[in-house]
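# Structural description and commentary
Single-letter residue listing:
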Amino acid sequence: MPRQRVPGPRSPSSCSLFALLCTARPGLGIYYTFTQLVAVYLPYFNFFTVDSASCGLFPSYGPLVSHTSHTMASLVETLTASGGPESAGFLNDLVGHLWPNICVAGGAMIKQIAEPMFAQMLPAPLNTLHFAKIDLGVQPMTFSNVDVHKVDNGGIKLDLDVNWDGNCDIEMDGKMIPKVGVEHVKLSGRLSILLCPITNVIPLIGAAQVSFINPPYLKFNYTDGANIANLGFIDSCVRKVVQSIIAGMAVLPNRFLVKLDPFNDYFKTYQLPVGVVRLTIESGSNFGEELKSKNIFKKLVHDVPDCYVTTSLSGETPGWKTATVKDNHHPEWNETRDFIVSDHDQLLALDVKDSDTASDDDIGLATITVKNLLLAHGQRQDLTLMHKGEETAGKLTVSGKYYQFIPDATSIIGEENPAEIKGLLAVLVAAVKNLKGAREQLKPSVAITWGAHKFQTVVKCDVPGGAEDIQNPHFDNTFRIPLSGSIEGAAPVRIALMDGKNEIGAVEVPLEEVLASENLALLKEFDVGNGQIVKAGVVIRGTKLVE
């Protein structure tokens, strides 16, 4: 079968929100620039080829195309299907040539956007930090291990490693704190770029959605100019802010949207989570026998640890915490928790600790991807605990089941079990049309209410000379609510158009109307009064055990 190269899209417009994310610290402004480059130029090159028959370059899209129904055999085939990683040498060459220009643009962007963020997000006196010098050095960011997949909604997903190991000359200064110099930044992780929808209209790709599959590694090396006693506190505060921003905007389940087509349809772009992994932490063995406790009393009496496990998926917080099993090197839990999965390469991190009245001691950390857990076909997995980068004798035994999200509400009609995720309610807010009022005074947003759940989009305002029409703003935002039981007789979803703190119109969407819609997805333009329109959608998904 002949293979067909996908033509590349035209350059996306500048995105201030992504700039806020990526310029919070040195390296992140560069990350913004490179994700733009990847989204724009990657489709031009030789490795990006797809089989025109199997991938369907120009599919006919329905509303929120449902995921393919899997058996365990077909799921395993999907998880293991890959043509193998490809080189990204061409992209690295391109980036290398552009690096001097990227440094200038990135440096200006870092200063312009990061300083206000320091002022808003850091505690005093760190909130006075500002850049005295920004030189990003000569070492460009590099990409490698590119893998290309087709996804169920007809789009194309590229996974690739990103690494920046850059020598920098960055100086930050502030009131009542020593001058801080950054001489080295290391940023690395696995990046996912989802290209969809694929259309018949140039640029052929409606949008690129960019995210880290798991939280990236981030480290700053400082010069000797700062007071060492204060440096740890400064590094901890600043890095925590940066990592929380990255996680909130560009680590799954969050994806940053770069529109390649200004008329892109968000309903055809958004990709629902793929399913639920039901993780059971069964038991542990040899816990704490190598632990060097910080507690002198424990050392004297050779105390047996009181163990618990905290688990998170892709670094989401807060994590799930098991019960504490007291005085046991070989604890048993048999506790189960559900996690919503956006990508099968997401990482489950299981952190085992010894509970202590003063401070909890680290026993070890075990990790496993959702993919590897599922490939075990539900069989027990003995995970080795790592402590400060070294293997320990400790083992954590886990098992898991996988439930796929499907457009069928059977699982959410019946008894409720708060400990289980039986379905998903997603509310998509695409745009507002025909907003009335003086442009310079408008501050539109959309508020969503369903029972005790309340959400709100960002508040937008008019920017003179800006690209967006404030009377017809785009939000492209989705809010997810896990369902643990029956939705029979549940409250309607309320969609309210806001102007600042004032509600100017609203509509209520009965779930019965959603259940009667194609693919359990009600996607429409809602008139909230006075001819003002909110383009939104309400989607319901049930679950099905993959066997």
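Structure shown above.
These notes cover the structure that comes with them. Bear in mind that the values here come from a model prediction, so they are computed numbers and not experimental data.

What counts, and at which threshold
- Residues numbered from 1 in each chain as written.
- Predicted model: local features only at pLDDT ≥ 70, side-chain atom pairs only at ≥ 80, totals over all residues.
- Heavy atoms only, no water.
- Helix = DSSP H or I, 4+ residues; strand = E, 2+ residues; numbered from the N terminus.
- Buried < 20%, exposed > 50% of the residue type's maximum accessible area, 1.4 Å probe, protein only.
- Contact = heavy atoms within 4.5 Å.
- Core = buried A, V, L, I, M, F, W, Y, C linked by side-chain atoms within 4.5 Å.
- Salt bridge = Lys/Arg side-chain N within 4 Å of Asp/Glu carboxyl O.
- Phe/Tyr/Trp six-rings, centres within 6.5 Å; stacked < 30°, edge-to-face > 60°.
- Lys NZ or Arg CZ within 6 Å of the ring centre and 35° of its normal.
- Pairing = 2+ DSSP bridges.
- Axes fitted to C-alpha atoms, helices over the stretch in contact; angles between N-to-C directions.
- Disulfide = S-S within 2.5 Å.
- Polar contact = N/O pair within 3.5 Å; in protein donor to acceptor, adjacent residues only side chain to side chain.

### Things to note about the overall build of the protein chain
- Across its full length, the protein chain holds 10 helices and 25 strands.
- Each of the 547 residues in the protein chain was classed as buried or not, and the buried ones make up 50%.
- Taking the intrachain contacts of the protein chain between residues at least 6 apart in sequence as the baseline, contacts between residues at least 24 apart amount to 71%.

### Thoughts on the nonpolar core
- Residues L129, F143, W164 and I193 are the most contacted members of the largest nonpolar core, which totals 55 residues.
- Among the elements of the structure, helix 5 (89-121), strand 4 (142-150), strand 5 (156-174), strand 6 (177-195), strand 7 (207-212), strand 8 (217-222), helix 6 (228-250) and strand 9 (256-259) are those that each provide at least two residues to this core.
- Considering each element in turn, this core owes the most residues, 11 residues, to helix 5.
- Grouped together as the second largest cluster of nonpolar side chains are 32 residues, V493, I495, V538 and I540 included.

### Some points on the pattern of salt bridges
- For the structure shown, the criterion picks out 18 salt bridges.
- In this structure, D165 and K186 form a salt bridge, with 3.8 Å as the shortest nitrogen-oxygen distance. Placement of D165 in strand 5 and of K186 in strand 6 is noted, with a sequence separation of 21 residues between them.
- Where salt bridges share partners, they join K157, D159 and D343 into one cluster.

### Side note on the environment of H97
- Here H97 is to be found in helix 5.
- Its relative accessible area of 67% is what places H97 among the exposed residues.
- Residues H97 and P140, spaced 43 residues apart in sequence, show a C-alpha to C-alpha distance of 9.2 Å.

### Points about the packing of aromatic side chains
- One pass over the full model with this rule turns up seven aromatic pairs.
- Seen in terms of ring centroids, F220 and Y222 are 6.5 Å apart; in terms of plane orientation they differ by 75°. Their pairing is edge-to-face.
- Relative to Y270, the ring of Y266 has its centre 6.1 Å away and its plane inclined at 45°; by these criteria the two rings are tilted. Of the two residues, Y266 and Y270, neither departs from the other in class, the shared state being buried.
- Sitting over the ring of Y308, K321 keeps its end group 4.3 Å from the ring centre.

### Considering the sheet that holds strand 20 (residues 453-456)
- With respect to topology, four strands assemble into an open sheet ordered 20-19-22-23, the strand pairing being antiparallel. Edge positions in the open sheet fall to strand 20 and strand 23 (502-509), since each of these has one partner strand only. Sheet twist, expressed as the average angle between the axes of neighbouring strands with direction ignored, equals 20°.

### So, the pairing of strand 19 (residues 444-450)
- Burial analysis of strand 19 places six of its seven residues in the buried class, the great majority of the element.
- Across four bridges, the pairing between strand 19 and strand 20 is antiparallel. Note that in strand 20 the partner of W450 across the bridge is H453.
- The hairpin formed by strand 19 and strand 20 contains two residues between the paired strands, and G451 there has a positive phi angle of roughly 60°.

### Structural notes on the side chain of K353
- Residue placement: K353 occurs in strand 14 (residues 347-354).
- By relative accessible area, K353 is classed as buried at 18%.
- Beyond its immediate stretch of four places on either side in the chain, K353 contacts D306, C307, Y308, D360, D361, D362 and I363.

### Some remarks on the state of the cysteines
- For the coordinates displayed, the defined rule picks out zero disulfides.
- The thiol of C103 is not disulfide-bonded; the next cysteine sulfur, from C168, is found 8.3 Å away.
- On the basis of relative accessibility, which here comes to 15%, the residue C103 falls in the buried class.

### Overview of the environment of V151
- Structurally, the position occupied by V151 is in the loop between strand 4 and strand 5.
- Excluding residues that lie within four positions of it along the chain, V151 makes contacts with I156, K157, L194 and Q271.

### Some remarks on the side chain of K460
- Looking at the element boundaries, K460 is found in the loop between strand 20 and strand 21 (474-483).
- A distance of 3.1 Å separates polar atoms of two side chains, one belonging to K460 and the other to E468.
- Among the polar contacts listed, one links the side chain of K460 to the backbone oxygen of H474, at a separation of 2.3 Å.
- For K460, the residues in contact, after removing those within four places along its chain, are L442, K443, P444, E468, I470, P473, H474 and F475.

### Thoughts on unusual backbone geometry
- Cis peptide bonds are those with omega within 30 degrees of zero, and the linkage from C196 to P197 qualifies with -5°.
- By the element assignment, P197 lies in the loop between strand 6 and strand 7.
- Omega for the bond connecting I202 with P203 falls within 30 degrees of zero, at 15°, which places this linkage in the cis form.
- Backbone geometry places N434, a non-glycine residue, at a positive phi of 60°.
- Tracing the backbone shows N434 in the loop between strand 18 (423-433) and strand 19.
- Exposure remark for N434: the relative accessible area of 38% places this residue in the partly exposed category.
- A positive phi angle, close to 60°, is found at N530, a residue other than glycine.
- With respect to the helices and strands, the residue N530 is situated in the loop between strand 24 (521-529) and strand 25 (532-545).

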